[in-house]
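Observations on the model geometry
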Amino acid sequence: MRTAVRVTAAAVLALGAATACAAGPEGGAPAGAVASASPALASPALAPSAAGSPAAGPASASPARVPAALSFTGKTLDGTAFDAAALAGRPVVLWFWAPWCATCASQAWTVAEIAPTYRDTVPIVGVAGLGEQKAMKSFVTEFDLGGTTQIDDRAGALWRRFKVAEQSTFVVLDRTGRVVHKGFLDGEALTRQVETLARG
């Protein structure tokens, strides 16, 4: 099954590599809003959803201070409530992708492979934008991303918040919420980045 999907991904890459992955979110996009939230609204860890997209890993034993970068809430692609405050105290990788983006498709395999291993130490959170929800859900299914949190950001609120102008973009936050990387990462670089953050 995965071989067949990889062939599909290769075809997508071949056809779309020269075009699809350069535009940022446009104003007036459809709903899927992501709201700012007060650090006081930090919720307990959110359980895995029915579609297999956990909203967050387990909460730490002692509540961490919620940095401004993680003071937002939203919904996952399957409609589960998401509160980024639950990730406070850990490094976090935000992956901004679009369902038609060939570069995003090439990176999806790495995300799918490493995210479960680092779920509790360096959560990887997808931020889906610039497309229809149906296409976003199909992308998650095709690339076996059901085990990672995928935020529905069709309105582009998070894209604007983090000043993301193109996809695929990774925004890497250290455990204090400071941005330590923003931009492109290939599979090897992403894996190294996450492994380094996990070691502390």
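Residues numbered from 1 in each chain as written. Predicted model: local features only at pLDDT ≥ 70, side-chain atom pairs only at ≥ 80, totals over all residues. Heavy atoms only, no water.

**What to know about the overall build of the protein chain**
- Secondary structure assignment for the protein chain yields five helices and eight strands.
- Listing each helix as α and each strand as β along the protein chain from the N terminus yields α-β-β-β-β-α-β-α-β-α-β-β-α.
- When the accessible area of the protein chain is evaluated, it comes to approximately 9,100 Å², of which 59% is carbon and sulfur surface. (Helix = DSSP H or I, 4+ residues; strand = E, 2+ residues; numbered from the N terminus. Areas by Shrake-Rupley, 256 points an atom, 1.4 Å probe, with all protein chains shown as cover.)

**Side note on the confidence of the model for the protein chain**
- Averaged over all residues, the pLDDT of the protein chain equals 78, while 68% of them reach at least 70.
- Looking at the elements of the protein chain, mean pLDDT is at its lowest for helix α1 (residues 2-16), recorded as 39, and at its highest for strand β4 (residues 92-97), recorded as 98.
- Note on residues 1-20: pLDDT under 50 across the span, and 22 contacts to partners over four residues away in sequence or across chains. (pLDDT = per-residue confidence, 0-100. Contact = heavy atoms within 4.5 Å.)

**A short note on unusual backbone geometry**
- Residue Q167 is joined to S168 through a cis peptide bond whose omega torsion reads 0 degrees.
- For S168, the position within the fold is in the loop between α4 (157-161) and β7 (169-173).
- Even without being glycine, K163 reaches a positive phi, approximately 55 degrees.
- Turning to its location among the elements, K163 is positioned in the loop between α4 and β7.

**Considerations on the side chain of D152**
- Relative to the helices and strands, D152 resides in strand β6 (residues 149-152).
- With relative accessibility at 4%, the residue D152 sits in the buried group.
- A distance of 2.9 Å separates the side chain of D152 from the side chain of Q133, its partner in a polar contact.
- Here the side chain of D152 touches R154 through a polar contact of 2.8 Å, side chain to side chain. (Buried < 20%, exposed > 50% of the residue type's maximum accessible area, 1.4 Å probe, protein only. Polar contact = N/O pair within 3.5 Å; in protein donor to acceptor, adjacent residues only side chain to side chain.)

**Some thoughts on helix α5 (residues 187-199)**
- Helix length check: α5 (13 residues) gives 19 Å between terminal C-alpha atoms against 18 Å at 1.5 Å per residue, within 8%.
- Listed as buried for α5 are A189, L190, V194 and L197. One side of α5 carries all its buried residues, which in axial view fall inside an arc of 130 degrees. Opposite the packed face of α5, turned more than 90 degrees from it, sit the exposed residues E188 and R199.
- Buried positions along α5 lie against β4, α2 (102-114), β5 (124-128) and β7.
- Two or three places before E188, at the start of α5, stands the capping residue D186, its side-chain oxygen 3.2 Å from that residue's backbone nitrogen.
- After α5 finishes, the residue G200 shows a positive phi value of roughly 95 degrees. (Expected span 1.5 Å × (residues − 1). Arc of directions from axis to C-beta.)

**Remarks on the pairing of β6**
- The side-chain alternation of β6 yields two buried faces, one formed by T149 and I151 and the other by Q150 and D152.
- In this structure, β5 lies alongside β6, joined through four bridges in parallel fashion. Note on β6: the bridge partner recorded for G126 is Q150.
- Where the polypeptide runs from β5 across helix α3 (residues 133-142) and back to β6, its parallel neighbour, the crossover connection is right-handed. (Pairing = 2+ DSSP bridges. Right-handed = clockwise from strand over helix to strand, strands pointing away.)

**Topic: the packing of α2 against α5**
- Their axes nearest at 9 Å, the elements α2 and α5 cross at an angle of 30 degrees. Of the possible angle classes, the one that applies to α2 and α5 is roughly parallel. Between α2 and α5 lies a crossing of right-handed hand. For the pair formed by α2 and α5, the contact residues are T110, V111 and I114 on the first element and G187, L190, T191 and V194 on the second.
- Here the residues of the contact of α2 with α5 are counted per class, giving four nonpolar, three polar and no charged. (Axes fitted to C-alpha atoms, helices over the stretch in contact; angles between N-to-C directions. Parallel < 35°, antiparallel > 145°, perpendicular 65-115°, else oblique. Left-handed = near helix turned anticlockwise from the far one by under 90°. Nonpolar A, V, L, I, M, F, W, Y, C, P; charged D, E, K, R; others polar.)

**Some remarks on the sheet that holds β5**
- Strand order in the open sheet formed by five strands is β6-β5-β4-β7-β8, and the pairing between neighbours is mixed. Looking at the sheet topology across the chains shown, the edges are occupied by β6 and β8 (179-183). If you compare each strand with its neighbour and ignore which way they point, the axes differ by 15 degrees on average.
- Here β4 pairs with β5 via five bridges, running parallel. The partner of F96 across the bridge, within β5, is V127.
- In the packing of α3 onto the sheet, the strands contacted are β4, β5 and β6, and the crossing angle to β4 comes to about 125 degrees.
- Along the sheet, α5 makes contact with β4, β5, β7 and β8, crossing β7 at roughly 10 degrees.

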